[in-house]
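Read off the chains here:
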Amino acid sequence: MGDSSGDGLEVDGEYPVHTVTLDGFSIDATAVTNAQFARFVADTGYTTSAERLGASAVFHLLVDAPTADITGPIPGTPWWIGVRGASWRHPGGRASSLRGLEDHPVVHVSWHDATAYCAWVGRRLPSEAEWERASRGGLDGACFPWGDAPIDGSDGTWRANVWQGTFPAHNTASDGWIGTAPVRSYAPNDFGLWQTVGNVWEWCADGFDATAYITHATHDPRGPETAPERVLRGGSYLCHPSYCNRYRNSARSRNTPDSSMGNAGFRTVSRNPVEAGGPG
Ligand SMILES: [Ca+2]
Ligand SMILES: [Ca+2]
């Protein structure tokens, strides 16, 4: 675990690089999709954190809502707009829907929502260590799931859904997508996992601890059970080298467990040797 490329962020606790061992596990090949999450909600009547709050954070270029729904930019990150009525069903706001987004990752789901989905499907969120092992795809020490080659290939072919252009005003979308992409876009890593880096951040089970790599166990490490924030991994369609160089295997981020936003989702794991991918 940890950054061996020199690109890591000290403030995120990506150091020191250290070896951990894990028990076997299976992990979803993709992030949970809107179609999968819809089946969970239809079966349980579950109400997400954003739906209870009545609002969520939408990236400014993706807002699709009446002006009256806009509560304004979020202090400190003005490219995030508070939008009443934004939720997993309405990712841009009230005027948006999931039509055509069935195979995109579900977003505007909090850590609590992700945990509830996992309980329904009989799986759980990955630990941070499991997520990193999975994302590496067997390429120990590499920066990205595909190795150390740049994210924009020498032939101009992008390897993940991130941001191109001038953040946050203009996204050229030369990788094909301004917002989320279908979960099976680009190429999977050598474990057959799609878009661990880029597209959407992915919630992990662990509480965030910036000193975890100094203090945690060497076998099956887990972050603190109680912590003000939970770990997110992998970066998103908003990552850009100049702003958020976190579309790397070892990069770490975090947010409070009741937070939701338009660029975070999750995938699930199980100890059982079942086929990865969840229900359907
Ligand atoms: Ca993109
Ligand atoms: Ca991802």
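In this report, we go over the structure that sits alongside the text. Bear in mind that the values here come from a model prediction, so they are computed numbers and not experimental data. (Residues numbered from 1 in each chain as written. Chains lettered and ligands numbered in written order. Predicted model: local features only at pLDDT ≥ 70, side-chain atom pairs only at ≥ 80, totals over all residues. Heavy atoms only, no water.)

The subject of this paragraph is the coordination of the calcium ion (ligand 2). Taken together, the protein ligands of the calcium ion (ligand 2) are Gln195 (O), Thr196 (O), Gly198 (O), Val200 (O) and Glu202 (OE), with distances of 2.5 to 2.6 Å. Look at where the donors of the calcium ion (ligand 2) fall in the sequence and you get Q-T-x1-G-x1-V-x1-E. This pair shows no difference in class: Gln195 is buried, exactly as Glu202 is. (Donors = N, O, S within 2.8 Å, 3.2 Å for Na, K, Ca; no water. Buried < 20%, exposed > 50% of the residue type's maximum accessible area, 1.4 Å probe, protein only.)

Donor atoms from the polypeptide that coordinate the calcium ion (ligand 1) comprise Asn161 (OD1), Val162 (O), Asp175 (OD), Asp175 (OD) and Trp177 (O), at 2.2 to 2.5 Å from the metal. Motif for the calcium ion (ligand 1), donor spacing along one chain: N-V-x12-D-x1-W. The exposure classification of Asn161 matches that of Val162, with both residues buried.

On to the sheet that holds strand β9 (residues 252-255), then. Across the sheet, four strands lie side by side as β9-β8-β7-β10; this open sheet has mixed pairing. Each having just a single partner strand, β9 and β10 (264-265) make up the two edges of the open sheet. Direction of pairing for strand β7 (residues 201-207) relative to strand β8 (residues 230-233): antiparallel, over a ladder of three bridges. Within the sheet, the bridge partner assigned to Trp203 lies in β8 and is Leu232. (Pairing = 2+ DSSP bridges. Helix = DSSP H or I, 4+ residues; strand = E, 2+ residues; numbered from the N terminus.)

The next point concerns the side chain of His216. Tracing the chain through its elements places His216 in the loop between α5 (212-215) and β8. There is a polar contact of 2.8 Å between the side chain of His216 and the side chain of His18. Leaving out residues up to four positions away in the same chain, His216 has contacts with Met1, His18, Val20 and Pro221. (Polar contact = N/O pair within 3.5 Å; in protein donor to acceptor, adjacent residues only side chain to side chain. Contact = heavy atoms within 4.5 Å.)

This model, assessed by the stated rule, comprises 18 salt bridges. Of the charged contacts in the structure, one is a salt bridge between Asp12 and Arg254, with a shortest N-O distance of 3.6 Å. Note that Asp12 is positioned in the segment before β1 (26-27) and Arg254 in strand β9, a separation of 242 residues in sequence. Residue class for Asp12 comes out buried when judged on its relative accessible area of 2%. Between Glu132 and Arg233 there is a salt bridge; the shortest N-O distance is 2.8 Å. With a gap of 101 residues between them, Glu132 in helix α4 (residues 128-136) and Arg233 in strand β8 connect regions that are remote in the sequence. Note on accessibility: Glu132 and Arg233 belong to one class, buried. Each of Arg124, Glu130, Asp220, Arg222 and Arg271 takes part in salt bridges that share partners, so that together they form one network. (Salt bridge = Lys/Arg side-chain N within 4 Å of Asp/Glu carboxyl O.)

This part takes up the packing of aromatic side chains. Counted by the stated rule, this structure contains 15 aromatic pairs. Between the aromatic rings of Phe37 and Trp88, the centroid separation amounts to 5.1 Å while the plane-to-plane angle is 70 degrees, which identifies the pairing as edge-to-face. A residue pair is termed long-range when its members are at least 10 positions apart, and Phe37 in helix α1 (residues 34-44) and Trp88 in the loop between β4 (77-84) and α3 (111-121) qualify at 51 residues. Summarising the burial analysis for this pair, Phe37 and Trp88 share the class buried. With centroids separated by 5.6 Å and ring planes inclined at 55 degrees, the aromatic side chains of Tyr117 and Trp120 adopt a geometry described as tilted. A residue pair is termed a helical-turn pair when its members lie 3 or 4 positions apart in one helix, as Tyr117 and Trp120 do in helix α3 at three residues. Tyr117 sits in the buried class, given a relative accessible area of 2%. Counting every residue linked through ring pairs, the aromatic cluster contains Phe37, Phe40, Tyr46, Trp88, Tyr117, Trp120 and Phe266. (Phe/Tyr/Trp six-rings, centres within 6.5 Å; stacked < 30°, edge-to-face > 60°.)

We now examine the sheet that holds strand β3 (residues 70-74). With respect to topology, three strands assemble into an open sheet ordered β2-β4-β3, the strand pairing being antiparallel. Two strands lie at the open edges of the sheet, namely β2 (55-59) and β3, each paired on one side alone. Across the sheet, the axes of successive neighbouring strands diverge by a mean angle of 30 degrees, strand direction being ignored. In this sheet, β4 lies alongside β3 in antiparallel orientation, the contact comprising four bridges. Of the residues in β4, the one forming a bridge with Pro73 is Ile81. (Axes fitted to C-alpha atoms, helices over the stretch in contact; angles between N-to-C directions.)

Geometric descriptors of this kind do not, in isolation, establish any biological role.
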